[in-house]
Amino acid sequence: MEPSMRARTFVVLVEDRPGVLDRVASLFRRRAYNIESLAVGHTERPGVSHITIVMNADDRVARLVEANLYKLVDVLNVEDVSNVPSVTRDLALIKVRAGHERRAEVMQVGEVFRARVVDVSPDALIFEITGTEDKINRLVEVLRPFGILGLARTGRVAMAREQTPAEEFAHEGVV
Amino acid sequence: MMTRKTGAQILWDALEHQGVETVFGYPGGAILPVYDALLDSTIHHVLVRHEQGAAHMADGFGRASGRAGVAIATSGPGATNLVTGIATAMLDSSPCVFITGQVPSHVIGTDAFQETDITGVTLPITKHNFLVTKTEDIAQTIKKAFHIAEGGRPGPVLVDITKDAQQGECDYEWDDSPVELPSRTPRPTVSPEELDHAAEILNTAKRPLILAGRGVTLSGATGLLADFVEKTQIPVAMTLLGIGGFPASHPLNLGMMGMHGEAWVNQAIQNADVLLALGMRFDDRVVGDPKKFAPAARKIHLEIDPSEVNKIVQVEVALIGDLAGSLRALAPKVSCQDLAPWHGFIRDLKGDSAVRDIQQLPDSGHLYAAHVISDLWNLTEGNALVVTDVGQHQMWAAQYYKHDAPRKLITSGGLGTMGFALPAAIGAKVARPDEEVWVIVGDGGFQMTAAELSTCAQEGLKLNVAIINNGYLGMVRQWQEFFYDKRYAATPMRNPDFVKLAQAHGLLGLRVDKRAGIEEVVATARAAEGTTVIDFRVEKEDTVYPMVPPGNTIEAMIRRPESALEKKDDKALVKKD
Ligand SMILES: Cc1ncc(C[n+]2csc(CCOP(=O)(O)OP(=O)(O)O)c2C)c(N)n1
């Protein structure tokens, strides 16, 4: 294994058009890059979507991923935020078995992790938690003995802490 | 002035504005409105016999001219028939625009008759593709398609237009403003430090070598490269697609490298201390085992596409950007040095290789493909535009037909698509009608797209088709000979009478089975008005040498045995009718 192999997080701004996610996903599949996590959503700019991709790669492959992403006509900007101070968050909804007798106990665990209860039914409740992937993993482990009935995670979203210096862009697609 | 037009009319108008004079295509239901409007357009339409042919024609047009070739097909099977041609264009960076009809937008997704998600299918084999569902979007999309296909590193772009968008009407006026793509690719700039770094490597080199790829031709850098070589005296090795980027007759042009490259070229690469790679992508047919490729060489890569840098072979410095610009910036920083010892070293390697050259062997009275191609080169004074298919004949064409000018060898390198030659040659001839075009094709590959002879006849095009007929899928047979114990599974071929096939198309067909007969048939073909097919009955079990077994270091070459011809003489030769 290459010494520089580690998790990389790319923040990719794309035009919000049908099929764009397909193009990005197809690129990763075709080049045999393995996606660990992928999250898509809108940005502050109308018509621009935000894709966060996490993958394991060494330095060489990380550069190739970036270069290949830029070849997609719908890709506006690619940032490898693994190299800059950045914030990464995951969101999870966790449905836990919590009958009358154990509900208080379950809720206490949630509180420790600052998870919010967003739904309660006679036998179960649903937590919402945001945080680093690690924090969510730990909550899941602690809740597991109670009985997890459902788990839905968004995948990681990321953002660089500081405004990255404006690079020189050309409107001519070079490749 | 704004006028009311249908989408189909707008499409033709947009193509005219892009300077298109000829398109290659095949009609069908979902593209019928476009075909109806064709009658009112100035554009000439070449009716092909299979959409794959149209795709290769557009590709051949693109390679011959540098401008995007255009192919048109209907939805569903028409569109999927283009796929092999699109993939071929993609891997060889050929500018093409493919236009397909699509089922009406309101039935998309319902598995309507002849509905295929062709933008989905071609996503990984196009530079970009578009689905157009609105009449108003057609003109702008066509403009973008040409811009993307021809710009930067060229490639195929597909535009899928729904039938209702073709039929709809809108107010229209051609918009001449330059294309603005919202995508913002960082402009690759070559920094002064990178230039100095590259120059420092070159200026201290004792055994430098240039590896010239297709990028030299694509960026119009052939003149710059010639000047650069004149100044630096660095010898040049070419990839298959790099042929023509530097004159074959130049004493510093060593020839082709790679799997069937000249032995001395591969040896020179392995002995080089510096490699200057120009617009090439270190394909596995070029480098063999990348871990053992030129291990002692410091490597410099001039390349427009950043995703090609460090993909296969790690380089010390990369100058990313248009090759011509990078080379122009680099040249003044590189100073001449005495490379005489290195030239001498290569000359000695060449001497050793030359004695094994088939041309040095006595003419035994039998027909050898290498002789056919070498004689063809002599008889046409090296001036023909040669289009090859894929297989042994392709490698012999690369070895023995020597080109001094760019865009004179058209061949499917990256995808290795059999059936490419004849249709690609039609496209090339349409792009450059004044060229003498020779198709060099195997008996196998010829039969994959032979129906396009009919297109030649209908269009009254003048091609010369040299079928190198060995009765085998020759290149596969060669692999079976070397690597599968001569177990010739599914490679012997029973062929039709190619002379009669030509005649059935109203074309001239000729046959020859002796070297002495080559001159006459070539002269007859050249003098003939229409497309002429020559059936060259060559030695059946001939072998392309040298050969680097796949995955090996390029030094590990299987060489032609010293007395190859004498041994082969005993074998049954070409069967006569
Ligand atoms: C479409 C396609 N199918 C299969 C192959 C695999 N292939 C490579 S070379 C070759 C044999 C070509 O035989 P022929 O056209 O007779 O030419 P020769 O090698 O004899 O010169 C084959 C089958 C290919 N390159 N393309």
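Residues numbered from 1 in each chain as written. Chains lettered and ligands numbered in written order. Predicted model: local features only at pLDDT ≥ 70, side-chain atom pairs only at ≥ 80, totals over all residues. Heavy atoms only, no water.

1. Some details on the overall build of chain A
Phase 1 of the analysis: Counting its secondary structure elements, chain A contains four helices and nine strands.
Phase 2 of the analysis: Secondary structure of chain A in N-to-C order comes out as β-α-β-β-α-β-β-α-β-β-α-β-β.
Phase 3 of the analysis: In terms of overall dimensions, chain A has a C-alpha envelope of 65 × 40 × 30 Å along the principal axes.
Phase 4 of the analysis: Of all intrachain contacts in chain A linking residues separated by at least 6 positions in sequence, the fraction that spans at least 24 positions is 72%. (Helix = DSSP H or I, 4+ residues; strand = E, 2+ residues; numbered from the N terminus. Contact = heavy atoms within 4.5 Å.)

2. With respect to the overall build of chain B
Phase 1 of the analysis: A count of helical and extended segments in chain B gives 24 helices and 20 strands.
Phase 2 of the analysis: For 577 residues, the compact-globule estimate of 2.2 N^0.38 gives 25 Å, and the C-alpha radius of gyration of chain B, at 25 Å, lies within 12% of that figure.
Phase 3 of the analysis: Seen along its three principal axes, the alpha-carbon backbone of chain B occupies a region of about 70 × 70 × 40 Å.
Phase 4 of the analysis: Looking at the 577 residues of chain B, the share that counts as buried comes to 60%.
Phase 5 of the analysis: Taking as baseline every contact in chain B between residues at least 6 positions apart, the subset at least 24 positions apart corresponds to 76%.
Phase 6 of the analysis: Only carbon and sulfur atoms are counted for the fraction: they give 51% of the accessible area of chain B, which is about 21300 Å². (Rg over C-alpha atoms; globule rule 2.2 N^0.38 Å. Buried < 20%, exposed > 50% of the residue type's maximum accessible area, 1.4 Å probe, protein only. Areas by Shrake-Rupley, 256 points an atom, 1.4 Å probe, with all protein chains shown as cover.)

3. Focus on unusual backbone geometry
Residues and elements named next belong to chain B.
Phase 1 of the analysis: A cis geometry characterises the amide bond from Tyr-545 onward to Pro-546, with omega recorded as -15°.
Phase 2 of the analysis: Its place among the elements puts Pro-546 in the loop between β20 (532-537) and α24 (564-569).
Phase 3 of the analysis: Phi is positive for Asp-111, which is not a glycine, with a value near 55°.
Phase 4 of the analysis: With respect to the helices and strands, Asp-111 occurs in the loop between β5 (96-102) and α6 (118-121).
Phase 5 of the analysis: The phi dihedral of Ala-294 falls on the positive side, at around 40°, and the residue is not glycine.
Phase 6 of the analysis: As for its position among the elements, Ala-294 is in the loop between α13 (284-287) and β13 (298-303).
Phase 7 of the analysis: On the accessibility criterion, Ala-294 (0% relative accessible area) is buried.

4. Comments concerning the nonpolar core
Residue and element names in this part refer to chain B.
Phase 1 of the analysis: Core analysis: the largest hydrophobic core is formed by 65 residues, its most contacted members being Ile-210 and Phe-536.
Phase 2 of the analysis: Two domains each donate at least three residues to this core, and these are domain 2 (192-351) and domain 3 (358-544).
Phase 3 of the analysis: Excluding residues that lie within four positions of it along the chain, Phe-536 makes contacts with Leu-367, Val-372, Ala-466, Ile-467, Ile-468, Asn-469, Val-512, Ile-518 and Val-521.
Phase 4 of the analysis: Counting 48 residues, the second-largest nonpolar core is a separate cluster that includes Ala-79, Ile-86, Val-430 and Ala-502. (Core = buried A, V, L, I, M, F, W, Y, C linked by side-chain atoms within 4.5 Å. Domains from an automatic or database assignment.)

5. Topic: empty space enclosed by the protein
Residue and element names in this part refer to chain B.
Phase 1 of the analysis: Counting across every chain of the model gives two cavities of 30 Å³ or more.
Phase 2 of the analysis: Forming the walls of the largest cavity are Arg-63, Arg-214, Thr-217, Leu-241, Ile-243, Arg-407, Leu-409, Ile-410 and Thr-411.
Phase 3 of the analysis: Breaking the lining of the largest cavity down by element, the ones donating at least two residues are α10 (214-218) and β16 (409-410).
Phase 4 of the analysis: Per-class residue counts for the lining of the largest cavity are four nonpolar, two polar and three charged.
Phase 5 of the analysis: Two domains each provide a minimum of three residues to the lining of the largest cavity, namely domain 2 (192-351) and domain 3 (358-544). (1 Å grid on protein atoms, 1.4 Å probe; cavity = no way out; pocket = protein on both sides within 12 Å on 5 of 7 lines; lining within 4 Å. Points joined across faces, edges and corners; volume = space filled by probe spheres on them. Nonpolar A, V, L, I, M, F, W, Y, C, P; charged D, E, K, R; others polar.)

6. What to know about the sheet that holds strand β17 (residues 437-442) of chain B
Residues and elements named next belong to chain B.
Phase 1 of the analysis: As summarised here, the arrangement of the six strands in space is β16-β15-β17-β18-β20-β19, forming an open sheet in which the pairing is parallel. The open sheet is flanked by β16 and β19 (508-512), the only strands paired with a single partner.
Phase 2 of the analysis: Relative to β16, strand β15 (residues 385-388) runs parallel, the two sharing two bridges. Residue pairing in the sheet places Val-386 in a bridge with Leu-409 of β16. (Pairing = 2+ DSSP bridges.)

7. Focus: the pattern of salt bridges
Phase 1 of the analysis: Going through the model one piece at a time under the given rule, you end up with 35 salt bridges over all chains.
Phase 2 of the analysis: In this structure, the salt-bridge partner of B:Asp305 is A:Lys71, at a minimum N-O distance of 2.6 Å. Residue B:Asp305 is found in the loop between β13 and β14 (317-320), and its partner A:Lys71 is found in helix α2 (residues 59-71); the two belong to separate chains.
Phase 3 of the analysis: Here B:Asp305 falls in the buried class, since its relative accessible area comes to 0%.
Phase 4 of the analysis: The partly exposed category is assigned to A:Lys71, whose relative accessible area is 22%.
Phase 5 of the analysis: Between B:Asp535 and B:Arg537 there is a salt bridge, and its shortest N-O distance comes to 2.9 Å.
Phase 6 of the analysis: What you see here is one network of salt bridges that share partners, running through A:Lys71, B:Arg153, B:Asp305, B:Glu308 and B:Lys311. (Salt bridge = Lys/Arg side-chain N within 4 Å of Asp/Glu carboxyl O.)

8. Describing the domain arrangement of chain A
All names here are of chain A.
Phase 1 of the analysis: On domain assignment, one finds that chain A holds domain 1 (6-84) and domain 2 (87-158).
Phase 2 of the analysis: Using C-alpha coordinates to define each centre, domain 1 is positioned 29 Å away from domain 2.
Phase 3 of the analysis: Taken together, the contacts link 10 residues of domain 1 with five residues of domain 2.
Phase 4 of the analysis: In total, about 530 Å² of surface goes out of reach between domain 1 and domain 2, with carbon and sulfur atoms giving 54% of it.
Phase 5 of the analysis: The interface formed by domain 1 and domain 2 holds zero salt bridges in total.
Phase 6 of the analysis: Where domain 1 packs against domain 2, one counts three residue pairs in polar contact (both at pLDDT 80 or more).
Phase 7 of the analysis: The leading source of residues in the side of domain 1 that touches domain 2 is strand β2 (residues 35-42), at four residues. (Buried area = accessible area lost by both parts, 1.4 Å probe. Polar contact = N/O pair within 3.5 Å; in protein donor to acceptor, adjacent residues only side chain to side chain.)

9. Quick word on a nonpolar patch on the surface
Residue and element names in this part refer to chain A.
Phase 1 of the analysis: Among the surface-exposed residues, Met-107, Val-117 and Val-120 lie close enough to one another that they form a single nonpolar patch of about 210 Å² accessible area.
Phase 2 of the analysis: With respect to the helices and strands, the residue Val-117 is situated in strand β6 (residues 116-120).
Phase 3 of the analysis: With relative accessibility at 33%, the residue Val-117 sits in the partly exposed group. (Patch = residues over 30% accessible without salt bridge, like charges linked within 9 Å, V, L, I, M, F, W, Y side chains within 5 Å.)

10. A look at the sheet that holds strand β1 (residues 6-15) of chain A
Residue and element names in this part refer to chain A.
Phase 1 of the analysis: Overall, antiparallel pairing links the four strands, which are arranged β2-β3-β1-β4 in an open sheet. Both outer strands of the open sheet, β2 and β4 (75-80), are each paired with one neighbouring strand and no more. Each neighbouring strand pair of the sheet contributes to a mean axis angle of 15°, computed without reference to strand direction.
Phase 2 of the analysis: Of the strand pairs in this sheet, β2 and strand β3 (residues 48-57) are connected by seven bridges, and their pairing is antiparallel. Note on β3: the bridge partner recorded for Ser-37 is Val-54.
Phase 3 of the analysis: Relative to β3, helix α1 (residues 20-30) is tilted by about 15°, and along the sheet it contacts β1, β2 and β3.
Phase 4 of the analysis: Set on the sheet, α2 makes contact with β1, β3 and β4; between it and β4 the angle comes to about 165°. (Axes fitted to C-alpha atoms, helices over the stretch in contact; angles between N-to-C directions.)

11. Some words on the packing of aromatic side chains
Residues and elements named next belong to chain B.
Phase 1 of the analysis: Inspection of every chain in the model, using the stated rule, returns nine aromatic pairs over all chains.
Phase 2 of the analysis: Taken together, a centroid distance of 5.5 Å and an interplanar angle of 85° make the contact between Phe-446 and Phe-498 edge-to-face. One end of the pair, Phe-446, is in helix α19 (residues 443-448); the other, Phe-498, is in helix α22 (residues 498-504), and 52 residues separate them in sequence.
Phase 3 of the analysis: Given the relative accessible area of 0%, Phe-498 is considered buried. (Phe/Tyr/Trp six-rings, centres within 6.5 Å; stacked < 30°, edge-to-face > 60°.)

12. Details of the side chain of B:His56
Residues and elements named next belong to chain B.
Phase 1 of the analysis: Its place among the elements puts His-56 in helix α3 (residues 51-65).
Phase 2 of the analysis: Residue class for His-56 comes out buried when judged on its relative accessible area of 0%.
Phase 3 of the analysis: In contact with His-56, not counting residues within four places along its chain, are Thr-84, Gly-85, Thr-88, Thr-417, Gly-419, Phe-420, Pro-423 and Ala-424.

13. Quick look at the environment of B:Leu339
Phase 1 of the analysis: Structurally, the position occupied by B:Leu339 is in the loop between α14 (323-330) and α15 (340-354).
Phase 2 of the analysis: Each residue touching B:Leu339, except ones within four places of it in the same chain, is listed here: B:Ala205, B:Lys206, B:Pro208, B:Thr232, B:Gln233 and B:Ile234.

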